[in-house]
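Single-letter residue listing:
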Amino acid sequence: MDKRHFERVFLEAVDQLRRVAPKRTGNLAYNAIKYKWISNNTFEIYVDVGEVGMVKKRISGLAPYMPFTNEVWLSPKWNGKKNPNQGWWNNAIEMVIAFIAKRLGGVLK
């Protein structure tokens, strides 16, 4: 398998992840979900949530709120309704991992 095929599969995986990401403003899906080559055979997909903590009294990262889009919470603002995006990241990553494994001939155990 050549690097172009490998990259094509991973870029399709990034597109799938972006399609299922919450999109109130689109920042998380279209700006904060990123990817890069780490080495000749390692491709990383990640969300730019920034550094842990604060930097110069300003939150760093494109989507520091991302973990909260996935977690369990009830909103008093919405009369106790649950997070509408709860679990999206966990579900999306499972889907993406299965997609990559299938396209590259791998087996999930």
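Our subject is the structure listed above.
Presented here is an overview of the structure given in this document.

Notes on the pattern of salt bridges
Part 1: Considering all chains together, one arrives at 4 salt bridges under this definition.
Part 2: Here Asp2 makes a salt bridge to Arg4, at a shortest N to O gap of 3.9 Å.
Part 3: Looking at Arg4, the relative accessible area reads 63%, which means it is exposed.
Part 4: When the shortest N-O distance is used, the salt bridge between Asp48 and Lys34 registers 3.2 Å. Separated by 14 residues along the polypeptide, Asp48 in the loop between strand E2 (42-47) and helix H3 (66-70) and Lys34 in strand E1 (residues 33-39) bring together distant segments of the chain.

Section: helix H4 (residues 88-104)
Part 1: The terminal C-alpha atoms of H4, which comprises 17 residues, lie 24 Å apart, in line with the 24 Å expected from a rise of 1.5 Å per residue.
Part 2: Regarding H4, the residues found buried are Trp88, Ala92, Val96, Phe99, Ile100 and Ala101.
Part 3: Structurally, H4 contributes buried residues whose contacts are with helix H1 (3-20), helix H2 (27-32) and H3.
Part 4: Looking one or two places after H4, you find Gly105, whose phi comes out positive at around 80 degrees.

A closer look at the nonpolar core
Nonpolar side chains in soluble globular proteins tend to be buried together.
Part 1: Judged by nonpolar contacts, the single largest core of 20 residues is most densely connected at Leu17, Leu28, Ile33, Val47, Met66, Trp88 and Ile100.
Part 2: Elements represented by at least two residues in this core include exactly H1, H2, E2 and H4.
Part 3: The dominant element in this core, judged by the number of residues it contributes, is H1, at 6 residues.
Part 4: The residues contacting Leu28, other than those within four sequence positions of it, are Pro22, Ile33, Val47, Ala63, Tyr65, Met66, Thr69 and Trp88.

Let's talk about the layout of surface pockets
Part 1: Space inside the largest pocket adds up to approximately 320 Å³.
Part 2: Around the largest pocket, the lining is made up of 15 residues, and of these Pro22, Arg24, Tyr65, Thr69 and Asn85 lie nearest the centre.
Part 3: Put simply, the parts of the chain that give the lining of the largest pocket at least two residues each are H2 and H3.

Observations regarding the packing of aromatic side chains
Part 1: This structure, assessed with the given rule, holds 6 aromatic pairs.
Part 2: Plain terms: the ring middles of Tyr35 and Phe43 are 5.6 Å apart, the flat faces sit at 15 degrees to each other, and that makes the pair stacked.
Part 3: The class for Tyr35 is partly exposed, based on a relative accessible area of 37%.
Part 4: In this structure Phe43 comes out as buried when scored by relative accessible area, which is 9%.
Part 5: The interplanar angle of 85 degrees and the centroid separation of 5.1 Å between the aromatic rings of Trp37 and Phe43 together place this pair among those described as edge-to-face.
Part 6: For Trp37, a relative accessible area of 24% translates into the label partly exposed.

Procedures and definitions
- Residues numbered from 1 in each chain as written.
- Predicted model: local features only at pLDDT ≥ 70, side-chain atom pairs only at ≥ 80, totals over all residues.
- Heavy atoms only, no water.
- Salt bridge = Lys/Arg side-chain N within 4 Å of Asp/Glu carboxyl O.
- Buried < 20%, exposed > 50% of the residue type's maximum accessible area, 1.4 Å probe, protein only.
- Helix = DSSP H or I, 4+ residues; strand = E, 2+ residues; numbered from the N terminus.
- Expected span 1.5 Å × (residues − 1).
- Contact = heavy atoms within 4.5 Å.
- Core = buried A, V, L, I, M, F, W, Y, C linked by side-chain atoms within 4.5 Å.
- 1 Å grid on protein atoms, 1.4 Å probe; cavity = no way out; pocket = protein on both sides within 12 Å on 5 of 7 lines; lining within 4 Å.
- Points joined across faces, edges and corners; volume = space filled by probe spheres on them.
- Phe/Tyr/Trp six-rings, centres within 6.5 Å; stacked < 30°, edge-to-face > 60°.

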